[in-house]
Amino acid sequence: MLMKRFYILALVVFALLMDFGLALQAQTVWDGTTDVTWYDASQSSFDISTPEQLAGVAQLVNNGTTNFNGVTLNLVNDIWLNTTGASTNNWIPIGGGSPTSESPSTGNPFKGNFNGHGHTIYNLYCDKGNTFHAGLFCALESPCTIDSLVLINPVLEARGMMGCITGYVRGIGSVYI
């Protein structure tokens, strides 16, 4: 009887692992482009579901269109930025620019609420070369909250001031991670 239960348990575990493995293989890996078609300045909440939309967040903040102050971004899927940690899809961090000093006095920091809802960003590759502040975000500034987000296998390269979530918190006030 014990062996029969063991075999049934083994089959269930195998089936779950197979299902998990297929789910991982079905992920779309970022192609290096951006998508900002979802953005509407009159909205106060957005669902981010693709790597291209996440890159669109960086584009919108970095070019000064918005800093998402008072806006909530909801990650609704796991995001695969690359197939491995080292790749040619180099992430441009959200907020800021490419500061050549430790203090990013130029650029546009992210000021919104980013809720990962427990989702994962896989294989972030951010090579800032001889500049500072590598990470998913370059610079955060109050009011800002980054919540329930997981990063797996991030690879960061910069002159300094690196962090998986952010390279720098600018100014004073409330920034919660």
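In case you missed it, the structure is sitting above this.
Residues numbered from 1 in each chain as written. Predicted model: local features only at pLDDT ≥ 70, side-chain atom pairs only at ≥ 80, totals over all residues. Heavy atoms only, no water.

Glancing now at the pattern of salt bridges. The full count for this structure, using the stated rule, is 2 salt bridges. The partner of K111 in a salt bridge is E141, with the nearest N and O atoms 4.0 Å apart. Within this pair, whereas K111 is found in the loop between strand 3 (79-80) and strand 4 (113-115), its partner E141 is found in strand 7 (residues 137-141), the two being separated by 30 residues in sequence. Judged on exposure class, the residue K111 and its partner E141 are both buried. Across the pair E141 and R170 runs a salt bridge whose closest N-O atoms are separated by 3.3 Å. Separated by 29 residues along the polypeptide, E141 in strand 7 and R170 in strand 11 (residues 166-170) bring together distant segments of the chain. For E141, a relative accessible area of 18% translates into the label buried. A cluster of three or more residues bridged by salt bridges with shared partners is formed by K111, E141 and R170. (Salt bridge = Lys/Arg side-chain N within 4 Å of Asp/Glu carboxyl O. Helix = DSSP H or I, 4+ residues; strand = E, 2+ residues; numbered from the N terminus. Buried < 20%, exposed > 50% of the residue type's maximum accessible area, 1.4 Å probe, protein only.)

As for its position among the elements, G173 is in the loop between strand 11 and strand 12 (175-176). With relative accessibility at 64%, the residue G173 sits in the exposed group.

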